[in-house]
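Structural characterization, general
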Amino acid sequence: MGDEPERIALERSGGFVNVTLRADLPTEALTPPERAGVEALLRRPAAQGAIAGAPDRYQYDLTVRSGARQHHVRLGEHEIDERLRPLIQRLEDIAASER
């Protein structure tokens, strides 16, 4: 992406009741493990459409913003690994507290 990441946004959809959660956070507020999650996202290819064959599972749409540029990644819950878990958990906690 070139520029330093400034913000990370999450939209989690799906699940049994299909309730969408949204959260947005400046990257300066992230802990080192959460920043590692952002770096892991930036190494993944950009989203290429809906995740097929995953009814009742969560879908995570994550967008890293750097200036006017964005990098959007779409993941299924089975793709959330240990590098991403702290970042996803923090964003889910923020989204839940804003409801």
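Here the structure is a predicted model, which is why all the values come from computation and not from measurement.

A few points about helix H1 (residues 32-42)
Looking at H1, one finds that the buried residues are Glu34, Gly37, Val38, Ala40 and Leu41. Buried residues of H1 fall within an arc of 160° about the axis and therefore sit on the same side. Buried residues belonging to H1 abut strand S1 (7-14), strand S3 (58-66), strand S4 (69-76) and helix H2 (85-97).

Details of the nonpolar core
Ranked by size, the top nonpolar core spans 21 residues in total, and within it Ile8, Leu41, Leu62, Leu75 and Leu91 carry the most contacts. Breaking this core down by element, the ones donating at least two residues are S1, strand S2 (21-26), H1, S3, S4 and H2. Looking at which element gives the most residues to this core, the answer is H2, with five residues. Ignoring any residue separated from it by four or fewer positions in sequence, one finds Leu62 in contact with Ile8, Ala9, Leu10, Leu41, His71, His72, Val73, Leu75, Ile88 and Leu91.

Reading the values: rules and limits
Residues numbered from 1 in each chain as written. Predicted model: local features only at pLDDT ≥ 70, side-chain atom pairs only at ≥ 80, totals over all residues. Heavy atoms only, no water. Buried < 20%, exposed > 50% of the residue type's maximum accessible area, 1.4 Å probe, protein only. Helix = DSSP H or I, 4+ residues; strand = E, 2+ residues; numbered from the N terminus. Arc of directions from axis to C-beta. Contact = heavy atoms within 4.5 Å. Core = buried A, V, L, I, M, F, W, Y, C linked by side-chain atoms within 4.5 Å.

Remember, this is a structural readout, not a statement about activity or role.
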